[in-house]
Amino acid sequence: MTIDNITSSSCYSNQSVTFFYQHANKAIGGNWTTRDYLVLGLGLPLSFIVVLANLLVMAAILMNRRFHFPIYYLLGNMAAADLFAGLAYTNLILNTGPWTATLTKKQWYIRGALIDISLTASVANLLAVAVERHQTIITMQLHSTMTKRRVVLLIISIWAVGIVMGLVPSLFWNCECDLSDCSTVAPLYSRRFLIFWALLNLLTFFVMLGMYSHIFCHVKRQGRHTSQHVSEARQQTVINLMKTISMVLGAFVICWTPGLIVLLLDGLQGKNGNANKYEKYCLVIAECNSLVNPIIYSLRDAEMRKTFKWILCCFCRHGGCQPRETLSTEMDSPLKEKSLSYKLEDSVLWKNPDRQ
């Protein structure tokens, strides 16, 4: 009896990973192909750069006290999620191709869970940053009034959501008892789970789009009721916001749309969708988002760049540096609080937030 003729009314929990790959018509070759070498050659250097870039962001936020505010705590957590994504993708590369056949089901699920957790946490952090920016700009504040306790709870929630999304396929939403529902991209995953995952990310995208659009409209509307001097400052704020919107949403669309399309194609059409031809390349592109994030949110910040240079100089001098607290406060980032200078007349904005 062939695998295709096996009924889906029984569970096949005792079957190997190879069994499900054969059922999904996803070959596990004994030899390395050109595509395998390409993924390995591009993926490992990319993961290495992602890890280093996000380590630098986390170190900068930790060592510079000027970054000890909610927005930077969230950026630091986003960097941690992207760093985790780099490590998870490295693990995937080192357990793919011909090596896949050597994996047990538990190892295979762990490999997939690491990717799901890291990417979910990364996207959730993007959403958290959008929420923080929305709350701060709409209420005309220099910094968010979130206490450290709330920031910690938010960060814990982000990782909790990521862990749940990583565990769901292995614990509940797989196709071990319904072979007709097996994915071709991830042969042990349910096609319905892939559809859910793709739609969830699209929903997140539209929520972010709505938030940034509301910020833009609010700033533009407020600019009509202020003095010319303040309006000029607001105009600069609008420009910075538009740069942020275009870069954040553009990076999200470019990096995630190919993968989301492949997941939807696989979830809706199964074997007829031929998603296997593109899934590895799409995963590499999605991983690029973990490299783009620190560039967008951090490298455009002059204070952050100066902290980077200081940290790198410390390595060149083989240590011996003390935390630097006198870095220039000049900012040119879309996240800079200076961009809210259109409300300078209100001295309340320049008070430190509640940092209990």
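Residues numbered from 1 in each chain as written. Predicted model: local features only at pLDDT ≥ 70, side-chain atom pairs only at ≥ 80, totals over all residues. Heavy atoms only, no water.

Trainee: With reference to specific residues and values, describe the overall build of the protein chain.
Mentor: Helix and strand counts for the protein chain come out as nine helices and zero strands. Counting from the amino terminus, helix and strand elements in the protein chain follow one another as α-α-α-α-α-α-α-α-α. Classification of the 356 residues of the protein chain by burial places 50% in the buried group. For the protein chain, the exposed surface amounts to about 17,200 Å²; the carbon and sulfur share of it is 64%. (Helix = DSSP H or I, 4+ residues; strand = E, 2+ residues; numbered from the N terminus. Buried < 20%, exposed > 50% of the residue type's maximum accessible area, 1.4 Å probe, protein only. Areas by Shrake-Rupley, 256 points an atom, 1.4 Å probe, with all protein chains shown as cover.)

Trainee: Tell me about unusual backbone geometry, residues and numbers included.
Mentor: Comment: phi is negative for the bulk of residues other than glycine, and the bulk of peptide bonds are trans. At Asn25, a residue that is not glycine, the phi angle is positive and equals roughly 60°. Its location among the elements puts Asn25 in the loop between α1 (17–23) and α2 (34–63).

Trainee: For the packing of α2 against helix α3 (residues 70–93), give the residues involved together with the corresponding values.
Mentor: Where α2 meets α3, the closest approach of the two axes is 8 Å, and the angle between their N-to-C directions is 155°. Viewed along their axes, α2 and α3 adopt a mutual orientation that is roughly antiparallel. For the pair α2 and α3, the sense of crossing is left-handed. For the pair α2 and α3, the contacting residues are Val39, Leu40, Gly43, Leu44, Ser47, Val50, Val51, Asn54, Leu55, Val57, Met58 and Ile61 in the first and Tyr72, Leu75, Gly76, Ala79, Ala80, Asp82, Leu83, Gly86, Leu87, Tyr89, Thr90 and Ile93 in the second. Tallied by class, residues from the contact of α2 with α3 come to 17 nonpolar, six polar and one charged. (Axes fitted to C-alpha atoms, helices over the stretch in contact; angles between N-to-C directions. Parallel < 35°, antiparallel > 145°, perpendicular 65-115°, else oblique. Left-handed = near helix turned anticlockwise from the far one by under 90°. Contact = heavy atoms within 4.5 Å. Nonpolar A, V, L, I, M, F, W, Y, C, P; charged D, E, K, R; others polar.)

Trainee: Describe the state of the cysteines, naming the residues involved and giving the relevant values.
Mentor: Within the structure shown, the criterion is met by two disulfides. Disulfide pairing is shown between Cys11 and Cys177; the S-S distance is 1.7 Å. Between Cys11 and Cys177, the disulfide has an S-S torsion of 105° and is therefore right-handed. Highlighted residues: Cys11 in the segment before α1 and Cys177 in the loop between α5 (148–171) and α6 (191–222), separated in sequence by 166 residues. On the accessibility criterion, Cys177 (36% relative accessible area) is partly exposed. Between the sulfur atoms of Cys175 and its disulfide mate Cys182 the distance is 2.1 Å. (Disulfide = S-S within 2.5 Å.)

Trainee: Run through α2, naming residues and quoting values.
Mentor: Here α2 contains 30 residues, and its C-alpha end-to-end distance of 44 Å stays within 8% of the 44 Å for a straight helix at 1.5 Å per residue. Looking only at α2, the buried set comprises Asp36, Val39, Gly43, Leu46, Ser47, Val50, Val51, Asn54, Leu56, Val57, Ala60 and Ile61. (Expected span 1.5 Å × (residues − 1).)

Trainee: Just give me the short version of the packing of α3 against helix α4 (residues 105–138), but keep the residues and values in it.
Mentor: The interhelical angle for the contact between α3 and α4, taken along N-to-C directions, is 160°, at an axis separation of 8 Å. In terms of orientation, α3 lies roughly antiparallel with respect to α4. The chirality of how α3 crosses α4 is left-handed. A breakdown of the residues in the contact of α3 with α4 according to their chemical character gives 17 nonpolar, five polar and four charged.

Trainee: Any details on the pattern of salt bridges? Residues and values, ideally.
Mentor: Tallied over the entire structure, the rule returns three salt bridges. Salt-bridge contacts for Lys26 lead to Glu279; the nearest nitrogen and oxygen are separated by 3.0 Å. Here Glu279 lies in helix α8 (residues 279–299) and Lys26 lies in the loop between α1 and α2, a separation of 253 residues in the sequence. Judged by relative accessible area, which is 13%, Lys26 ranks as buried. (Salt bridge = Lys/Arg side-chain N within 4 Å of Asp/Glu carboxyl O.)

Trainee: Which residues make up α4, and what values do they have?
Mentor: For α4, with 34 residues, the first-to-last C-alpha span of 49 Å sits near the 50 Å given by 1.5 Å per residue. Burial analysis of α4 places 25 of its 34 residues in the buried class, which makes it a mostly covered element.

Trainee: Tell me what's going on with the confidence of the model for the protein chain, and back it up with residues and numbers.
Mentor: Averaged over all residues, the pLDDT of the protein chain equals 76, while 77% of them reach at least 70. At the low end of the mean pLDDT range in the protein chain sits helix α7 (residues 228–269), at 72; at the high end sits α5, at 91. Contacts of residues 1–9 to residues separated by more than four positions or lying in other chains number 14 contacts, the stretch itself having pLDDT below 50. This stretch, residues 325–356, has a pLDDT under 50; its non-local contacts, to residues over four places away or in other chains, come to 79 contacts. (pLDDT = per-residue confidence, 0-100.)

Trainee: Describe the nonpolar core, and please don't skip the residues or the numbers.
Mentor: Counting residues in each nonpolar core, the largest one holds 72 residues, and the members touching the most others are Phe20, Tyr72, Trp108 and Trp256. If one sorts the elements of this core by residue count, α4 sits on top with twelve residues. (Core = buried A, V, L, I, M, F, W, Y, C linked by side-chain atoms within 4.5 Å.)

Trainee: Can you lay out the packing of aromatic side chains for me, pointing to particular residues and giving the numbers?
Mentor: By the definition in use, this model includes eleven aromatic pairs. Relative to Tyr189, the ring of Trp108 has its centre 5.4 Å away and its plane inclined at 90°; by these criteria the two rings are edge-to-face. With a gap of 81 residues between them, Trp108 in helix α4 and Tyr189 in the loop between α5 and α6 connect regions that are remote in the sequence. Assigned by exposure class, Trp108 and Tyr189 land together as buried. Summarising the aromatic geometry, the rings of Phe205 and Phe206 are spaced 5.2 Å apart at their centres and angled 65° between planes, so their arrangement reads as edge-to-face. In this structure Phe205 comes out as buried when scored by relative accessible area, which is 14%. Following the ring pairs from residue to residue traces out a cluster consisting of Trp108, Tyr109, Trp173, Tyr189, Phe193 and Phe196. (Phe/Tyr/Trp six-rings, centres within 6.5 Å; stacked < 30°, edge-to-face > 60°.)

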